Amino acid sequence: MLEDFDAVAVRRWCAAGLAALERHQSEINQLNVYPVPDGDTGTNLLRTFISAQRGLTAESCGPDDRPVPEGRPPPGRALRQMAEGALLGARGNSGVIVAQILRGLADSLSPVEVVRGRALAAALRQATIAAYAAVARPVEGTMLSVIAAAATAAERADSDDLGRVVRAAAAAAADALARTPKQLPALARAGVVDAGGRGLCVLFDALVAVLAGEPVPAPPAAGPAPGQRPATAAQPAQSVEYAYEVQFLLDADEAAVQTLRATLDRLGDSLVVVGTGARSDALPTWRVHVHVNDIGAALEAGVAAGRPYQIEVTRFEEQTTGAGARVAVAGGPSAVVPECGPRGVVVVATGAGLVDLFTAEGAVVVADNPSTEELLEAIRSAGPARVVVLPNHPDAQVVAGVAAAQAGRFGVKASVVPTRSPVQALAALAVRDATRRFDDDVIAMAEAVGACRYAEVCYASREALTVAGPCRPGDVLALVEGEVNLVGDDLVRTCQLLLDRMLGGGGELVTLLLGADAPDGLADAVQGHVERHWPFVEVNCYSGGQPYYPLLVGVE
């Protein structure tokens with residue numbers, strides 16, 4: 001058993017955690033509450049940790065500005081390199097949260113020369129704070145609950161014995177994981193525990209193996225309980241209550257940012273605050289984004305927290321023709337800045353046909369489930385100093401937001417239009433206009449996305465109790481806006497019924513994207529059905545080549 005947690009132990013933990021995530025990848029993926037074969041929490045965590053390991057260098061020997069005690073290099077620099085690597089490689093919400101946990105550990109332990117039990121407990125508390133800070137509206141029953149329970153147990157151990165502290169943390173994490181179905185109804189219906197929380201327990205087990213010198217018992221089976229079926233998870237609706245988008249960079253300490261988050265959360269929604277972490281030479285820098293009605297109150301909160309700059313305020317409404325972009329500068333008056341001219345586009349998509357479609361529109365295409373680093377590189381390679389990012393999936397939106405915030409450091413202004421499907425990206429690209437101000441163009445694209453309802457048709461990979469009734473493996477599922485709307489046994493007929501339901505709510509243009517597994521005749525059958533029953537609706541059909549989904553549908 002180790003007496004202290006040093007840089008060598010950090011490396012061993014990173015390697016052990018990576019190997020453990022690889023072993024449990026499929027199991028964690030299966031915990032995603034969804035009957036479609038695209039559960040990827042295990043994959044996201046694994047790829048995030050791969051990037052964390054890449055961040056480690058041979059020089060990870062001590063805190064940034066301190067001499068290294070001979071033979072026992074402190075863990076601060078190694079943890080910071082892991083955190084920075086994880087942030088660049090973070091995939092999905094779970095990956096972003098793990099990156100923030102590593103950052104919290106690094107911030108707490110960087111000044112500590114010899115890390116024993118109490119110091120590790122304090123670092124776990126800091127990691128918990130960082131994890132909660134990464135989420136605008138934290139939800140219990142997730143990996144947040146697991147890290148919080150681990151930190152509390154480590155503190156209660158009240159010991160400098162590393163083994164005792166880490167075993168207490170791992171046991172509490174496992175207990176918290178077992179309680180997640182009682183905290184989230186979707187997990188209870190499915191009979192599963194939280195996938196991200198399970199991944200975090202895997203990492204705690206690896207830490208016990210490294211620091212205590214012994215593996216801990218695995219948590220109870222994490223899959224569905226006998227006789228229970230996974231259920232679909234409802235997608236949260238976006239708010240339309242606020243008139244302004246406010247964004248700015250902020251130099252401030254973490255305590256001030258915690259107060260800022262609470263203030264902005266009361267003022268509006270869509271709050272995202274992402275930081276670079278503590279630095280030895282300066283305050284950390286944060287990217288702040290929020291939707292509000294009271295602009296002045298939001299900016300006053302920023303001034304109270306630290307030094308806000310590069311402040312941007314956008315009204316979610318059509319601007320008068322010829323108006324410039326309003327950029328409020330802290331300490332000075334608003335200025336009108338012309339923002340017309342070339343701008344780049346980055347699109348997340350997989351499938352030969354989709355790649356061809358978006359490339360023909362001048363977009364840089366990144367494969368599905370990208371890391372922050374991959375999106376950031378695509379933003380930089382797009383060329384112009386203003387870039388729109390179209391993530392095309394709910395799980396990619398957080399990563400896209402982090403990449404857009406980081407792009408400002410390279411002189412690129414990037415805005416994320418929250419597309420959830422490739423059909424919405426096509427609708428957004430159809431209305432872009434380089435003669436408009438950049439912010440106005442982003443607004444127009446966002447409005448086009450909002451006017452485009454999307455749907456997906458796929459095959460169920462497991463039994464589930466959906467809002468449209470039970471399904472079995474092989475059944476055809478039609479999902480509208482992320483929620484199962486139809487369960488059928490015939491692909492063509494289910495697609496036709498789906499179009500009837502969507503067009504029953506109105507629509508003038510239908511876009512069809514055929515997947516890699518779409519059978520011959522599917523396009524003709526669906527187009528012919530629309531022509532017969534909805535003669536005034538225009539239909540555009542393309543070969544998308546996307547996996548999993550034989551048909552993607554957009555209705556505008």
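The model shown is predicted, which means the values in this text are computed figures rather than measured ones.

Enquirer: Help me out: how do you make sense of the overall build of the protein in this one?
Expert: Counting its secondary structure elements, the protein contains 18 helices and 18 strands. When each of the 556 residues of the protein is scored for burial, the buried share is 54%. Partitioning the intrachain contacts of the protein with sequence separation of at least 6 by distance along the chain shows that 72% fall at a separation of at least 24. With an accessible surface of roughly 22,800 Å², the protein has 53% of that area assigned to carbon and sulfur atoms.

Enquirer: Please explain the pattern of salt bridges as it appears in this structure.
Expert: Once their charged atoms are close, side chains differing in charge can pair, the charge on each being opposite to the other. On inspection of all chains with the given rule, the structure shows 13 salt bridges. In this structure, D107 engages R103 in a salt bridge whose closest nitrogen and oxygen atoms are separated by 3.3 Å. With a gap of four residues between them, D107 and R103 both fall in helix α4 (residues 92–109), about one helical turn apart. In this pair, the class of D107 matches that of R103, namely buried. The partner of D251 in a salt bridge is R307, and the shortest N-O contact between them spans 3.2 Å. Within this pair, whereas D251 is found in strand β1 (residues 244–251), its partner R307 is found in strand β4 (residues 307–315), the two being separated by 56 residues in sequence. In this structure D251 comes out as buried when scored by relative accessible area, which is 17%. Each of R80, R103, D107 and E254 takes part in one network of salt bridges that share partners.

Enquirer: Explain helix α6 (residues 143–157) to me, please; I cannot follow it from the model alone.
Expert: Along an α-helix, residues three or four positions apart point the same way, because every turn accommodates 3.6 residues. For α6, which comprises 15 residues, the first-to-last C-alpha distance of 21 Å matches the rise-based estimate of 21 Å (1.5 Å per residue) to within 8%. Counting buried residues along α6, twelve of its 15 residues qualify, which places the element largely inside the surrounding structure. Considered for burial, the residues of α6 that qualify are M143, L144, S145, V146, I147, A148, A149, A150, A151, A153, A154 and A157.

Enquirer: Help me understand the environment of G450, please; the structure alone is not making it clear to me.
Expert: Mapped onto the elements of the fold, G450 is located in helix α16 (residues 438–450). Along the chain, G450 and A428 lie 22 residues apart, while their C-alpha atoms are 9.4 Å from each other.

Enquirer: I tried to follow the packing of helix α2 (residues 41–55) against α4 on my own but got confused; where do I start?
Expert: Packed helix pairs are characterised by how far apart their axes lie and by the angle those axes make with each other. The interhelical angle for the contact between α2 and α4, taken along N-to-C directions, is 40°, at an axis separation of 8 Å. In terms of crossing hand, the pair formed by α2 and α4 is right-handed. Along the contact surface, α2 presents T41, N44, L45, T48, F49 and A52, while α4 presents G92, S94, G95, V98 and L102. For the contact of α2 with α4, the residue count by class is five nonpolar, six polar and no charged.

Enquirer: Looking at this structure, how should I read the sheet that holds strand β16 (residues 509–514)?
Expert: As a general point, the strands of a sheet are linked pairwise by backbone hydrogen bonds and lie either parallel or antiparallel. Within the open sheet, the six strands sit side by side as β15-β14-β11-β18-β16-β17. Their pairing is mixed. Single-partner strands in this sheet number two, and they are β15 (483–488) and β17 (538–543). Averaged over neighbouring strand pairs, the angle between their axes works out to 20° when direction is ignored. On top of the sheet, helix α17 (residues 491–503) reaches β11 (453–459), β14 (476–480), β15, β16 and β18 (551–555); it is set at about 165° to β11, its chief contact.

Enquirer: Sorry if this is basic, but what is going on with the pairing of strand β10 (residues 413–416) here?
Expert: A regular strand places its side chains on the two faces of the sheet in alternate fashion. Sheet topology places strand β9 (residues 386–390) next to β10; four bridges connect them, and they run parallel. Looking at the pairing, V389 lines up with V416 of β10. Traced from β9 through helix α14 (residues 394–407) to β10, the parallel crossover comes out right-handed.

Enquirer: Which parts of the structure should I look at to understand the sheet that holds β10?
Expert: Strand order across the open sheet formed by four strands is β8-β7-β9-β10, with parallel pairing between neighbours. The open sheet terminates on both sides in strands that have one partner only, identified here as β8 (364–366) and β10. Within the sheet, the average angular offset between the axes of one strand and its neighbour, ignoring direction, is 20°. Where strand β7 (residues 344–348) meets β9, four bridges bridge the pair, whose relative direction is parallel.

Parameters and conventions
- Residues numbered from 1 in each chain as written.
- Predicted model: local features only at pLDDT ≥ 70, side-chain atom pairs only at ≥ 80, totals over all residues.
- Heavy atoms only, no water.
- Helix = DSSP H or I, 4+ residues; strand = E, 2+ residues; numbered from the N terminus.
- Buried < 20%, exposed > 50% of the residue type's maximum accessible area, 1.4 Å probe, protein only.
- Contact = heavy atoms within 4.5 Å.
- Areas by Shrake-Rupley, 256 points an atom, 1.4 Å probe, with all protein chains shown as cover.
- Salt bridge = Lys/Arg side-chain N within 4 Å of Asp/Glu carboxyl O.
- Expected span 1.5 Å × (residues − 1).
- Axes fitted to C-alpha atoms, helices over the stretch in contact; angles between N-to-C directions.
- Left-handed = near helix turned anticlockwise from the far one by under 90°.
- Nonpolar A, V, L, I, M, F, W, Y, C, P; charged D, E, K, R; others polar.
- Pairing = 2+ DSSP bridges.
- Right-handed = clockwise from strand over helix to strand, strands pointing away.

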